[in-house]
Amino acid sequence: MTESKTNWQIPETRSADLVDDNIRMLRTIFPDAFADGTLDIEVLKGLLGYQDGQQDEKFGLNWSGKRLARQIALSPSAGTLLPSPGESVDWDTTKNILIEGDNLEVLKLLQKSYSACVKLIYVDPPYNTGKDFVYPDNYVNNIKNYLEVTGQTQGGQRNSSNTESSGRFHTDWLNMMYPRLKLARNLLHPDGVILVSCDDGEVASLRLILNEIFGEENFVAQFVWKARQFTDARANTNVSTDHEYILAYSKDEGFSLKGVERDESKFANPDNDPRGEWMSRSILGLATRDQRPNLHYDIVDPSTGRSFPPNPSTGWRYSQSRMDGLISEGKILFPRNDQGRPREKKFRREMRAEFIAFRSIIDGIHTADGTHEIRSLFNQDLFPFPKPTELISKLIEQVAGDGDTVLDFFAGSGTTGHALLKQNAAEGVSRRYMLVQLPEPLDPSNREQKIASDFCDHLGLPRTISELTKERMRRSSMQLRAMDSLFKGDVGFRVFKLAESNIRAWEPVPSDLEGTLLANAEHIVPGRTEQDILYELLLKLGLDLCVPIETRQIADKSVHAIGGGALMVCLADGLTKDVVESLSAGIVTWWKELAPAVETRVVFKDSGFADDVAKTNMAAVLNQNGILDVRSL
């Protein structure tokens, strides 16, 4: 007889414990490094070939707080994400997600459901200008701190990770970025890429921590984006800084961008060559005479006898024997004047690659384009220096394809989501986005934030940046539908909000144990709904937040089937002995109709049962009918 997996306490209701996962992997690879369940560091060093006396120094970046930043990334979250259908668009059908919350906690909560699932991560974090950037920096209770920072509770918590005394120091910025990038790597698909925007202030430090987290061997490119269209006359150094950077790292080695489609307009056949259309290209090389002497020789035009010497700094593209072969095949074009140089006649059919390399310098797209887009949506400038959608669209096109997920956990104005929708419409595909934005309060007394704050007041919205993110996604969806009536893709989004867990932690008061027991008889946080609890289960059991959910009334109780019956949940109260009999029978019948391909887990609310007899009977009936994994929370 198969052993029942009945378990009335669910450890999975916590977010992923990355320390336990790391220890488990170590135990699998190095079992002899463990004794009595404990890791022996000295044995592990020996297995790795570590010799006593080796120096600890190594190349890399260190700063005050790095050890704590690493620990912060490994600590599990006690939070949850509450669904907000009323603020969403097309809640029932969309696969896109917009989350309000501190992205550090949100990234922790996404670890189970989206591990190795995200094809592209693009982030545009706050640049370290020496001014304040508002992210919680007290990690003793980060959920509590987050609520205080965003004005949801009062406690006097300071809301800045850059103080006047720290100025332009790198430490605070690195402590903010490091744990977030560590967690982000876990979410990347094996073929995935992360792109991080930055400026001159932190590009050197950022590249070092990305080397450490993703591996220097996984460096893809350091793109230079010419962001400024006109010269900055305000520059104190008389240098107009016109560029920003986008650092690209892959999850694993061997990744390459898609590339750019060739410009077919360059091919023609003016001489009616029977070999078809062709284009001319340079045959200059890239090596000096000292580097490649075999590429430095004179090319002779056989029809005129004219000699063409090599360029001293570059030489030719091909060796002399290869060049002689091309000349005999009529594939070298010789100039008919004194100014030109020989060029190669390259035929279209010989150009096997459909795409050419994506250039590391991105030009022709400017910050002003992003400002114009915001102005066209809102009729005013709500965001300073927003990234243009065309820039992000080009990056999305290079990495993510149909069905892939794109994540931006510094969503800001929502440019990434807007760009993804436009690119989906242009290609007729169905990528999905996940955006995370801190509900950072807007201060109407701050001149830079007054327009945005007044706009929120006009719409009756809370004065936060995340409200503007949601409003942009609503407006961009409507704009896209109006511009392209034939596009039937997903332009909706589900809103979730970071909050403390629906399940209250057991915190006994030693001086009043009896009172504590009575107070915790119902351990669901007051005011939370079945839907709130249901989505916490999805999140912490590792299921997609957009997984299909079907609901039926069985014995006058709501029962939810998730993922075609892989998970069945009933969070109702009043489960007496009599109710259990009909409820369990109905669950078994529905389960057999669904016939899930995987083992089904059934979850109840522990306080929903009238007594232990009802709870035991429920488990017994389900076990007897083949549902072995029965749990409560």
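What comes next concerns the included structure. (Residues numbered from 1 in each chain as written. Predicted model: local features only at pLDDT ≥ 70, side-chain atom pairs only at ≥ 80, totals over all residues. Heavy atoms only, no water.)

Turning our eyes to something else, we now look at the packing of aromatic side chains. Using the criterion set out here, one finds 11 aromatic pairs in the structure. Pairing tryptophan 91 with phenylalanine 496 gives two aromatic rings, centres 5.5 Å apart and planes at 45°, and the pair type is tilted. Of this pair, tryptophan 91 sits in the loop between strand S3 (79–83) and strand S4 (97–100) while phenylalanine 496 sits in strand S19 (residues 494–500); the two residues are 405 residues apart in sequence, bridging distant segments of the chain. Ring-pair connections join several aromatic residues into one group, and the members of that group are Trp91, Phe496 and Tyr535. When the ring centre of tyrosine 318 is taken as origin, the NZ or CZ atom of arginine 322, which lies over that ring, is 4.5 Å away. (Phe/Tyr/Trp six-rings, centres within 6.5 Å; stacked < 30°, edge-to-face > 60°. Helix = DSSP H or I, 4+ residues; strand = E, 2+ residues; numbered from the N terminus. Lys NZ or Arg CZ within 6 Å of the ring centre and 35° of its normal.)

Read across the open sheet, the three strands follow the order S10-S14-S13; overall the sheet is antiparallel. Among the strands making up the open sheet, the edge pair consists of strand S10 (278–282) and strand S13 (332–333). Note that S13 and strand S14 (residues 343–347) share two bridges and pair antiparallel. Bridge pairing in S14 places isoleucine 332 opposite glutamate 344. (Pairing = 2+ DSSP bridges.)

The next point concerns the pattern of salt bridges. When charged atoms on two side chains of opposite charge get close, those side chains can pair. Under the counting rule described, the total for this entry stands at 36 salt bridges. Ionic pairing is found between lysine 345 and aspartate 273, a salt bridge with its closest N-O pair at 2.8 Å. A residue pair is termed long-range when its members are at least 10 positions apart, and lysine 345 in strand S14 and aspartate 273 in the loop between strand S9 (260–261) and S10 qualify at 72 residues. Judged by relative accessible area, which is 10%, aspartate 273 ranks as buried. Note that arginine 432 and aspartate 544 form a salt bridge whose closest N and O atoms lie 2.7 Å from each other. Here arginine 432 is found in strand S18 (residues 432–437), whereas its partner aspartate 544 is found in the loop between helix H16 (530–540) and strand S20 (549–554), with 112 residues between them in sequence. Taking relative accessible area as the criterion, arginine 432 reaches 12% and is therefore assigned buried. (Salt bridge = Lys/Arg side-chain N within 4 Å of Asp/Glu carboxyl O. Buried < 20%, exposed > 50% of the residue type's maximum accessible area, 1.4 Å probe, protein only.)

This paragraph deals with the environment of lysine 119. For lysine 119, the position within the fold is in strand S5 (residues 118–123). Among the residues examined, lysine 119 registers a relative accessible area of 16% and is labelled buried. Distance from lysine 119 to histidine 189, taken between C-alpha atoms, is 5.3 Å for residues 70 residues apart in sequence. Look past the residues within four positions of lysine 119 in its chain and what remains in contact with it is Leu188, His189, Asp191, Gly192, Val193, Val399, Ala400, Asp404 and Thr405. A distance of 3.4 Å separates a polar atom in the side chain of lysine 119 from a polar atom in the side chain of aspartate 404. (Contact = heavy atoms within 4.5 Å. Polar contact = N/O pair within 3.5 Å; in protein donor to acceptor, adjacent residues only side chain to side chain.)

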